[in-house]
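Structure assessment
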Amino acid sequence: MNNIELPVEVPIPTGLALRLGAAFAFHPFEYSKVLIQLGHEPLAPRNTKTLLGRPALAYPSVFQYCGHIRKRDGVLGMWRGVSPKMLSLAVQHLAGNKFNELYPPLAELKEEEEDALTMDERRERFIKITLREIACKITCVVVSQPLQVLAIRSMAEFVGGEDKFSGGLTAGLYGGAVSILNENGILGFWAGLIPRVLGEVGILGVTASLTFLINTYLLEDKEMAQYTGHVAGFLAGSLCYPLQVTSTCMTVSRSGLAAGYPPRMPLYTGWLDCLSHLRSQGQLKRGSSLIFRYYTGPQVIVGDRVIPANSNMFKSPLKP
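Heads up: these notes are all about the structure in this document. (Residues numbered from 1 in each chain as written. Predicted model: local features only at pLDDT ≥ 70, side-chain atom pairs only at ≥ 80, totals over all residues. Heavy atoms only, no water.)

A word on the overall build of the protein chain
Each helix and strand in the protein chain was counted, giving 11 helices and five strands. Its C-alpha atoms put the protein chain at 80 × 50 × 40 Å along the principal axes. Intrachain contacts of the protein chain at a sequence separation of at least 6 include 69% that bridge at least 24 residues. Here the protein chain has roughly 18,700 Å² of accessible surface; of this, 63% comes from carbon and sulfur atoms. Distance between charge centroids for the protein chain: 15 Å, based on 31 positive and 26 negative side chains. (Helix = DSSP H or I, 4+ residues; strand = E, 2+ residues; numbered from the N terminus. Contact = heavy atoms within 4.5 Å. Areas by Shrake-Rupley, 256 points an atom, 1.4 Å probe, with all protein chains shown as cover. Lys, Arg positive; Asp, Glu negative; His and termini not counted. Charge placed at Lys NZ, Arg CZ, Asp CG, Glu CD.)

Topic: the environment of R19
Inspection of the secondary structure assignment puts R19 in helix α1 (residues 14–25). The exposure class of R19 is partly exposed, given its relative accessible area of 41%. With 224 residues separating them along the chain, R19 and L243 place their C-alpha atoms 23 Å apart. (Buried < 20%, exposed > 50% of the residue type's maximum accessible area, 1.4 Å probe, protein only.)

A closer look at the pairing of strand β1 (residues 46–49)
Sheet analysis places β1 next to strand β2 (residues 55–59), joined by four bridges and oriented antiparallel. Bridge pairing in β2 links R46 to A58. In textbook terms, the turn of a hairpin is the stretch between consecutive antiparallel strands, and for β1 and β2 this stretch comprises five residues, one of which, G53, has a positive phi near 90°. (Pairing = 2+ DSSP bridges.)

Overview of the pattern of salt bridges
All chains considered together, the criterion is met by nine salt bridges. Note that K128 and E124 form a salt bridge whose closest N and O atoms lie 3.4 Å from each other. Remark: E124 and K128 occur in helix α6 (residues 119–160); sequence separation between them is four residues, near one turn of the helix. Because the salt bridges share partners, they merge into one network encompassing R72, D73, R80 and E157. (Salt bridge = Lys/Arg side-chain N within 4 Å of Asp/Glu carboxyl O.)

Some thoughts on helix α4 (residues 82–102)
The end-to-end C-alpha distance of α4 is 30 Å, a good match for the 30 Å that 21 residues give at a rise of 1.5 Å each. Looking at α4, one finds that the buried residues are V82, P84, K85, S88, L89, A90, Q92, H93, A95, G96 and F99. Close packing links the buried residues of α4 with α1, α2 (27–37), α6, α7 (173–184) and α8 (193–218). (Expected span 1.5 Å × (residues − 1).)

Quick notes on the packing of α6 against α8
Two elements in contact, α6 and α8, have axes whose closest approach is 9 Å; the angle formed by their N-to-C orientations is 155°. With respect to each other, α6 and α8 are oriented roughly antiparallel. α6 and α8 meet at a crossing whose hand is right-handed. Here the contact of α6 with α8 is built from residues that sort into 13 nonpolar, six polar and six charged. (Axes fitted to C-alpha atoms, helices over the stretch in contact; angles between N-to-C directions. Parallel < 35°, antiparallel > 145°, perpendicular 65-115°, else oblique. Left-handed = near helix turned anticlockwise from the far one by under 90°. Nonpolar A, V, L, I, M, F, W, Y, C, P; charged D, E, K, R; others polar.)

Focus on the packing of aromatic side chains
According to the stated counting rule, one finds eight aromatic pairs in the structure shown. When the ring of Y59 is compared with that of Y295, the centres are 6.0 Å apart and the planes differ by 70°; the resulting orientation is edge-to-face. Placement of the pair is Y59 in strand β2 and Y295 in the loop between β3 (293–294) and β4 (299–302), with a sequence separation of 236 residues. Its relative accessible area of 15% is what places Y59 among the buried residues. Residue Y295 is classed as buried on the basis of its relative accessible area of 17%. Relative to F212, the ring of F126 has its centre 4.4 Å away and its plane inclined at 10°; by these criteria the two rings are stacked. Of this pair, F126 sits in helix α6 while F212 is found in helix α8, placing the two residues 86 residues apart along the sequence. With respect to burial, F126 and F212 carry one shared label: buried. (Phe/Tyr/Trp six-rings, centres within 6.5 Å; stacked < 30°, edge-to-face > 60°.)

Description of the layout of surface pockets
Here the largest pocket is characterised by a volume of approximately 1,100 Å³. Looking at the largest pocket, it is lined by 26 residues, and the ones nearest its centre are E114, I129, T211, F212 and N215. Of all elements in the fold, only α5 (111–115), α6, α8, α9 (222–225) and α10 (228–252) reach the threshold of two or more residues within the lining of the largest pocket. When grouped by side-chain class, the residues that make up the lining of the largest pocket number nine nonpolar, eight polar and nine charged. (1 Å grid on protein atoms, 1.4 Å probe; cavity = no way out; pocket = protein on both sides within 12 Å on 5 of 7 lines; lining within 4 Å. Points joined across faces, edges and corners; volume = space filled by probe spheres on them.)

Examining a nonpolar patch on the surface
On the surface, a cluster of nonpolar side chains totalling about 540 Å² of accessible area is made up of I138, V142, L181, I186, L187 and W190. On the secondary structure map, L181 appears in helix α7. (Patch = residues over 30% accessible without salt bridge, like charges linked within 9 Å, V, L, I, M, F, W, Y side chains within 5 Å.)

What to know about unusual backbone geometry
The peptide bond linking P262 to P263 adopts the cis configuration, its omega dihedral lying at 5°. The backbone of R254 shows a phi angle near 55°, a positive value even though the residue is not glycine. On the secondary structure map, R254 appears in the loop between α10 and α11 (271–280).

Looking at the packing of α2 against helix α3 (residues 62–77)
Look at α2 against α3: their axes get within 10 Å of each other, and the N-to-C directions meet at 110°. Judged by the inter-axis angle, α2 sits roughly perpendicular to α3. Note on element contacts: α3 touches α2 through V62, F63, Y65, C66, I69, D73 and G77, opposite P28, F29, Y31, S32, L35 and I36. Along the lines of polarity and charge, the residues of the contact of α2 with α3 split into 10 nonpolar, two polar and one charged.

Shown next as structure tokens:
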């Protein structure tokens, strides 16, 4: 991937072009994931069994979810919200480049130079690099958040069938911006910012810390050390994923869209209230698995079948 280069005539960096191309191609899956994070499940769960053979209820996979979107809105409807999403990626790229110009990263050391460093020098270098990367990440997130809000709210319109954030000559950007100002004021453009920043910084910090600690104190094999970052990144992503769900919910909460109000979503007082409610409902990981999606709500097992439980099941037949 790093060796791929675009023709000189194309006025766009290769890395950004690849990111935008991938984002466009896989947008239907990202679209479905956002709706799942919001708790929108239009397709009923079916009876199945877990890998251990226990009866369970499973929601359709992301492929079936995409198929449902296509049936309702057509093929083009699967790319709802793609314009602000791609603009958000472009803004993050430009903000990152500008940050690097103003605050250049430390020069990379050769292997023999790195081996010559003392333990205190390694720690100091690690802290400087990590803090700089965190500052860069925060800058990119804050600058791109308005476009992120437009993208997520555009996708959330699927729930209630609105068209405030999609369509028109500006692909919903102008109408969406006006809607945000009317519903939430200027601060509405940064809805869901805090949990998103905490999640992004958490992933970066945990990944960098685990990689440094393992490669410095545990691993001596240079061949194995190159894979540490990937494993650490996976663990950090799983650990911080609940903040991503919280950010998505807070972006849509009280937005003027049906997806942000009861009965589809409680009226949260803040992101901590949202996080607490999701934890109490066991919904902090929704959307983390797009293939094997099990129903985690109240349920009753009858024989080898699972039935979703509701309040009517516990009413006395003698009472009206």
